[in-house]
Amino acid sequence: MAPILELQGVKAFYGQSEVLHGIDVAVEEGGMTVLLGANGAGKTTTLRAICGMVRTEGEIRLAGEGLRRRTTEQIAALGVAHVPEGRGTFIGLTVEENLRLGSYTLKARPEAGMERMYGYFPILAERRRQQAGALSGGEQQMLAIARALMMEPRLLVLDEPSFGLAPRIVEFIFTIVDRIRREERVSVLLVEQNASLALELADHAYLIETGYVVTSGSAKALADDPQIRRSYLGY
Amino acid sequence: MHQFLQQLFSGLAAGAIYASLALALVMIYRATELVNFAQGEMAMFSTYIAWTLVNAGLPFWAAFVITLVVSFLGGVAIERVLIRPVENAPVLAAVVVTIGLGLIFNSLAGWIYTYTLQDFPSPFPDRPLLGALITSQDLGVIAVTLVMLLLLFTFFRFTKTGLAMRAAAQNPHSARLCGIPVGRMLAIGWGLAATIGATAGIMVAPVLFLDPNMMGGVLLYAFAGALLGGISSPIGALVGGLIVGVTENLVGTYLIPTQLKLTVALVLIILVLVLKPNGLFGTAVVRRV
């Protein structure tokens, strides 16, 4: 299968300092790819580079189309839905308004999409009139993912969806994301600290350290790699 | 009692104007955390545009609508040309830009129209109503303000663009990730603020007479209203503006000479800042570091 997303020799900069030193990453159409690595390795920066939120060099293509010279809002309109670190929900707006905003780039009315999301996340249907800020952390993460899916994206980008959540909730969210990936035919690029869970669901994985891709391959191969097991899986 | 009610109603009419201008301030503050010190002078200039159109022979309400459209476009242009370049600059830079903008409008109006007081026509007949409790001018001002507020509320609450503007004001990064053009939303916000200001200017001009310094005092009352309501709350701006209008009228009637009325605004501003810095409806800003 052809990759939906391709990064070739991508460098990224914060001000003058280079934090990604020419990385190659690909996400297969319909697949789930995970980026692993320690804090500060450049995983979040990679996601920001895709969405045009940092200065970059190199090639970034979505289904063959160059993303680098586009603004964040144009990239979103092309079908990249990014759930950022810290979820990025609009806490002063209601659950329903958050979902409506997710469909901003679509011509169609949002109601059908909202019902589909309430099907995946029934708790959001119960809370649809509540302010997003009143939701628990797990519910906010679900809302953020649902909001991203409302734009009917081709690529879903998730930055540490497990952050700060109880293991049971994390498992629920990952199971749903896996189901959504198949049912909505959306490709997923995931940054995750919970390496064992991520490698279980993903088909491809990249290990990033200090701005370089140091290892990549099938998720299974990485899960069996003794060095990765020691550093990231802890067994 | 009669005098009290009279003053109460005319205070509400004045308060409606302060509330409008306060709302314009709050809208821009919420979107950019910037206090637009040029808001009053922008409104004054809009009012001169309306005056020019009326003098050219247009019916009042036609001139009113054209002025609102022109003000909207002017507000958009100001955001695009003057505010956008300082978007990422320290907030003081942007504040200085708005102060400069206010001075420019003031001088421009003085240059074009001179500093002479001009009569501004009122669209409402000069007739006392309800046994002289309220003039039709005051009632008209209150009605126009209410209609404008209702339209704004409908826009922000029920339209896609209105929702996108609220989102862009609240969390610009996330809004961009949703595909919302945040820059365009800010420009629309400035346009709307200019339109609200224009309405306030046109409504107050028949009472104050038109001159380039007309809005100075009004802006001060509007600031007091916005602060009293909590600078980031639209509802607060309305309630605050009305309270300021009524207080100003009652205090001016019963306690102090009219010449000292403007002091009420300053005293209110100081009291709010000292006793309740978040205002009546504002929320404390908590920044996690």
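Residues numbered from 1 in each chain as written. Chains lettered and ligands numbered in written order. Predicted model: local features only at pLDDT ≥ 70, side-chain atom pairs only at ≥ 80, totals over all residues.

Colleague: Could you give an account of the overall build of chain A, with specific residues and numbers?
Modeller: Counting its secondary structure elements, chain A contains ten helices and ten strands. A compact globule built from 235 residues would reach a C-alpha radius of gyration of about 18 Å, and chain A, at 17 Å, matches this within 12%. For chain A, the spread of C-alpha atoms along the principal axes amounts to about 45 × 40 × 35 Å. Expressed as a percentage of the 235 residues in chain A, the buried residues total 48%. Residue pairs in contact within chain A that sit at least 24 positions apart in sequence constitute 67% of those at least 6 positions apart. (Helix = DSSP H or I, 4+ residues; strand = E, 2+ residues; numbered from the N terminus. Rg over C-alpha atoms; globule rule 2.2 N^0.38 Å. Buried ≥ 20, exposed ≤ 12 C-beta atoms within 10 Å, placed from the backbone. Contact = placed C-beta atoms within 7 Å.)

Colleague: Break down the overall build of chain B for me, citing the residues and quoting the values.
Modeller: Helices and strands together make up the secondary structure of chain B, namely eleven helices and two strands. Taken from N to C terminus, the helices and strands of chain B fall in the order α-α-α-α-β-β-α-α-α-α-α-α-α. Taken against the 2.2 N^0.38 rule, which gives 19 Å for 289 residues, the C-alpha radius of gyration of chain B at 19 Å falls within 12% of a compact globule. Across the 289 residues of chain B, 47% fall into the buried class.

Colleague: For the interface of chain B and chain A, give the residues involved together with the corresponding values.
Modeller: Between chain B and chain A, the contact holds 14 residues from the first and 18 residues from the second. When contributions to the side of chain B that touches chain A are tallied by element, the ones reaching two or more residues are helix H6 (160–170) and helix H7 (172–177) of chain B. Examining the composition of the side of chain B that touches chain A, we find that five residues originate from one element, H6(B), more than from any other.

Colleague: Go over the sheet that holds strand S4 (residues 55–62) of chain A with me, naming the residues and quoting the values.
Modeller: All names here are of chain A. Spatial strand order, S2-S1-S4-S5: four strands in an open sheet with antiparallel pairing. Where the open sheet ends on each side, the last strands, each with one partner, are strand S2 (17–28) and strand S5 (65–66). Taken together, the nine bridges between strand S1 (residues 3–14) and S2 define a ladder with antiparallel strand orientation. Residue Val10 lies in a different strand from S2, and its bridge partner there is Ile23. Its contacts with the sheet place helix H1 (residues 43–50) against S1, S2 and S4, and it is angled at close to 75 degrees to S2. (Pairing = 2+ DSSP bridges. Axes fitted to C-alpha atoms, helices over the stretch in contact; angles between N-to-C directions.)

Colleague: Residue-level account of the pairing of strand S9 (residues 204–209) of chain A, with values.
Modeller: The two faces of a sheet get side chains in turn, since along a regular strand they alternate between them. Residues and elements named next belong to chain A. Across the six residues that make up S9, a large majority, five, are buried. As defined by bridge partners, strand S3 (residues 32–36) adjoins S9 across four bridges and the pair is classed as parallel. Across the sheet, the residue bridging to Val34 is Ala205, located in S9. Of the strand pairs in this sheet, S9 and strand S10 (residues 212–218) are connected by six bridges, and their pairing is antiparallel. Opposite His204, over in S10, you have Ser218 as the bridge partner. In textbook terms, the turn of a hairpin is the stretch between consecutive antiparallel strands, and for S9 and S10 this stretch comprises two residues, one of which, Thr210, has a positive phi near 40 degrees.

Colleague: I'd like to hear about the packing of helix H9 (residues 215–229) of chain B against helix H10 (residues 234–254) of chain B, residue by residue, with values.
Modeller: All names here are of chain B. One can describe the packing of H9 onto H10 by two numbers: an axis separation of 7 Å at closest approach and a directional angle of 125 degrees. One finds that H9 runs oblique with respect to H10. Considering the relative orientation of H9 and H10, their crossing is right-handed. Side by side, H9 and H10 meet where Tyr221, Ala222, Ala224, Gly225, Ala226, Leu228 and Gly229 of the first sit next to Gly236, Ala237, Val239, Gly240, Gly241, Ile243, Val244 and Glu248 of the second. Looking at the contact of H9 with H10 residue by residue, the classes come out as nine nonpolar, five polar and one charged. (Parallel < 35°, antiparallel > 145°, perpendicular 65-115°, else oblique. Left-handed = near helix turned anticlockwise from the far one by under 90°. Nonpolar A, V, L, I, M, F, W, Y, C, P; charged D, E, K, R; others polar.)

Colleague: Give me the lowdown on helix H8 (residues 182–208) of chain B, citing residues and values where you can.
Modeller: Residues and elements named next belong to chain B. Between its terminal C-alpha atoms H8 stretches 38 Å, which fits the 39 Å expected from 27 residues at 1.5 Å a residue. Burial analysis of H8 places 21 of its 27 residues in the buried class, the great majority of the element. Note on H8: the residue one or two positions beyond its end, Phe209, has a positive phi of about 65 degrees. (Expected span 1.5 Å × (residues − 1).)

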